[in-house]
Amino acid sequence: MKYHSTRGRQSVSSAAEAITRGLASDGGLFVPDRIPRLSEEDWAAMENETYQERACRILAYYLDDFSSEEIRDCVYGAYNDNQFDDPRIAPLVFVKENLVIQELWHGPTCAFKDMALQILPHLLTTSAAKIEEKSEIVILVATSGDTGKAALEGFKDVPGTRIIVFFPEDGVSEVQKRQMLTQEGENVHVAAVYGNFDDAQTGVKSIFSNSSYTEILGKNQMKMSSANSINWGRLLPQIVYYVSAYMDLKAEGTLKGNDPMNIVVPTGNFGNILAAFYARQMGVPIQKLICASNANNVLTDFIHSGVYDRNRNFAKTISPSMDILISSNLERLLYELTGHDDKKVSGWMEALNQDGRYEVDEATKQQIQNLFWADFADDEKTIEMIQQTWAEDHYLMDTHTAVARKVYERYAEETGDETPAVIVSTASPYKFGNSVAQAVLSTERLEGRNEFEVLTVLSEQTGTTIPVGIRDLEKRPILHHTKTAKEEMGQTILDFLGL
Ligand SMILES: *Cc1c(COP(=O)(O)O)cnc(C)c1O
């Protein structure tokens, strides 16, 4: 299989090249030249397979330059019981009739980013060896909170790599910040950026496409790559859990024959829901992809109107991993829906860059509306949803998952569609424990307590367990102290690398 840039100006690559480079040199994203369909044999075999076996099968289609042994090493190196606290890796929880939740946060950092970032270092080092890349690989990450920690965990002390993470100083939760600032490892660097996530992401993207940085690093036998969901190696592993959820629903009896399902995804950068789209194109009978946003509802408006307009206020919400106004992976969807029309896609992305806005043509808009349904939930509704789910169903959900459930509730009301749905849960409730505690505990229990003490109270009062990745966080020493202006991110990188 070959990979192209969504902007068409970079010649074709193998999977190994696409994964090693991260971002195409024309600023576009790498995409496979076709989306393979799973065969009858695949479907039959997967019924009795483990998560890891399903992963090997699916990855093999896209990584045809990897041997099956290499794929196995990557998959089992990532998804095992040293890293994941549930042997099913991405378990479905049947909370009650019509409420099925897929928990994607059983990895080391308690958010769904681990699903991809535990395997990416394996994919990347295997890819780099395959294309005989001798340079040290410098992973640059902009994070709204969860990617940063998951990438640091995934890449710490991986030979031949260095990792540099930028996060918005005031845009992440206390737990998220502490998780990053206490990160150990010889090859890790962390910096807070004065600005929001989009500032950090734009900064990283512009460093990637700035040839003077590429040159300085090149002279020192270093090469930049990305662990953001713009890297194909991030997106690909996410397809697996949608296929796996479908197989599990069939095994459980919720779905029979070719019965369709719906998927509900709390969305920010559009990576997770795009993986569901790819799963659909591979043959999973997904009827609607329900795109749930918080108050930063740029995607809701886009799916309703065909106009993507980032010229709006940036809201800081209690679901900060979705506080995003530029959803990078939408570019890959547009490339697919326009039949790989790289000129059209380039034009829209240029308009986004210049004016912060673009409008897709009528045919593309129609396709989007056939596939997707979108709405948003503000903080108040999010808190209500957490509270209600705990009170009625005794299930504790995080703020992002609650956004998804709220939007799904509206979808069901508005459309009357009774197709079984899977709501994707993207973080442990303890990762956003302060907001969750506010929703389910009385204010008096929380008064005068810091965010870490609140977690203990939450655990005691709900009878749920604080995951290992978050326990004792406030006792760990802070190892990273750098803060930088968004204009200085390039220099910060050079300083970190000693150049
Ligand atoms: C990253 C993240 C999201 C958004 O996922 P995208 O792939 O960026 O759309 C949602 N919830 C949580 C907890 C996240 O960490």
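Preceding this section is the structure that the text describes.
Quick caveat, the model's predicted, so the values are computed rather than measured.

Student: Even after reading the chapter, I still don't get the pattern of salt bridges, so can you show me in this structure?
Tutor: One side chain can pair with another of opposite charge once the charged atoms of both are near each other. Summed over the entire model, instances satisfying the criterion amount to 24 salt bridges. The partner of Lys130 in a salt bridge is Glu70, with the nearest N and O atoms 2.6 Å apart. Pair noted here: Lys130 is in helix α6 (residues 120-130) and Glu70 is in helix α4 (residues 68-78), with a separation of 60 residues, a long-range link. You can call Glu70 partly exposed: its relative accessible area is 26%.

Student: Looking at this structure, I do not really get the site of the ligand. What am I missing?
Tutor: By nearness alone, 15 residues border the ligand, and Lys113, Asp146, Gly268, Asn269 and Thr426 come closest of all. Asn269 is positioned with one of its backbone polar atoms (N or O) 2.7 Å from an oxygen atom of the ligand. In the environment of the ligand, an oxygen atom lies 2.8 Å from a nitrogen or oxygen atom belonging to the backbone of Asn272. Contact with the protein chains hides 97% of the accessible area of the ligand, taken as 380 Å² for the molecule alone. Partitioning the shell around the ligand into residue classes produces five nonpolar, eight polar and two charged.

Student: Can you walk me through the environment of Gly8 in this structure?
Tutor: Checked against the element boundaries, Gly8 lands in the loop between β1 (3-5) and α1 (15-21). Measuring from C-alpha to C-alpha, the distance between Gly8 and Val188 comes to 34 Å, with 180 residues separating the pair along the chain. Excluding residues within four positions of it along the chain, Gly8 makes contact with Asp26 and Asp342.

Student: Sorry, what's going on with the pairing of strand β7 (residues 188-194) here?
Tutor: The side chains of a regular strand alternate, residue by residue, between the two faces of the sheet. Where burial is concerned, most of β7 is hidden: six out of the seven residues are buried. One ladder, built from six bridges, connects strand β6 (residues 161-168) with β7; its direction is parallel. Considered in β7, the bridge of Ile164 is made with His189. Where the polypeptide runs from β6 across helix α8 (residues 174-181) and back to β7, its parallel neighbour, the crossover connection is right-handed. Of the strand pairs in this sheet, β7 and strand β15 (residues 482-485) are connected by four bridges, and their pairing is parallel. If you follow Tyr194 over to β15, its bridge partner there is Ala485.

Student: I keep staring at the sheet that holds β7 and nothing clicks. Help me out?
Tutor: Adjacent strands of a sheet form backbone hydrogen bonds with each other and so pair up, either parallel or antiparallel. Strand order in the open sheet formed by five strands is β8-β5-β6-β7-β15, and the pairing between neighbours is parallel. Edge strands, defined here as strands with exactly one partner in the open sheet, are β8 (222-226) and β15. In this sheet, neighbouring strand axes are inclined to one another by 30° on average, regardless of whether the strands run parallel or antiparallel. Contacts between α8 and the sheet are confined to β6 and β7, with β6 contributing the most and set at about 155° to the helix. Strands β5 (136-142) and β8 of the sheet are contacted by helix α10 (residues 211-219), whose axis makes an angle of about 130° with β8.

The rules we used
- Residues numbered from 1 in each chain as written.
- Predicted model: local features only at pLDDT ≥ 70, side-chain atom pairs only at ≥ 80, totals over all residues.
- Heavy atoms only, no water.
- Salt bridge = Lys/Arg side-chain N within 4 Å of Asp/Glu carboxyl O.
- Helix = DSSP H or I, 4+ residues; strand = E, 2+ residues; numbered from the N terminus.
- Buried < 20%, exposed > 50% of the residue type's maximum accessible area, 1.4 Å probe, protein only.
- Near = heavy atom within 4 Å.
- Polar contact = N/O pair within 3.5 Å; in protein donor to acceptor, adjacent residues only side chain to side chain.
- Areas by Shrake-Rupley, 256 points an atom, 1.4 Å probe, with all protein chains shown as cover.
- Nonpolar A, V, L, I, M, F, W, Y, C, P; charged D, E, K, R; others polar.
- Contact = heavy atoms within 4.5 Å.
- Pairing = 2+ DSSP bridges.
- Right-handed = clockwise from strand over helix to strand, strands pointing away.
- Axes fitted to C-alpha atoms, helices over the stretch in contact; angles between N-to-C directions.

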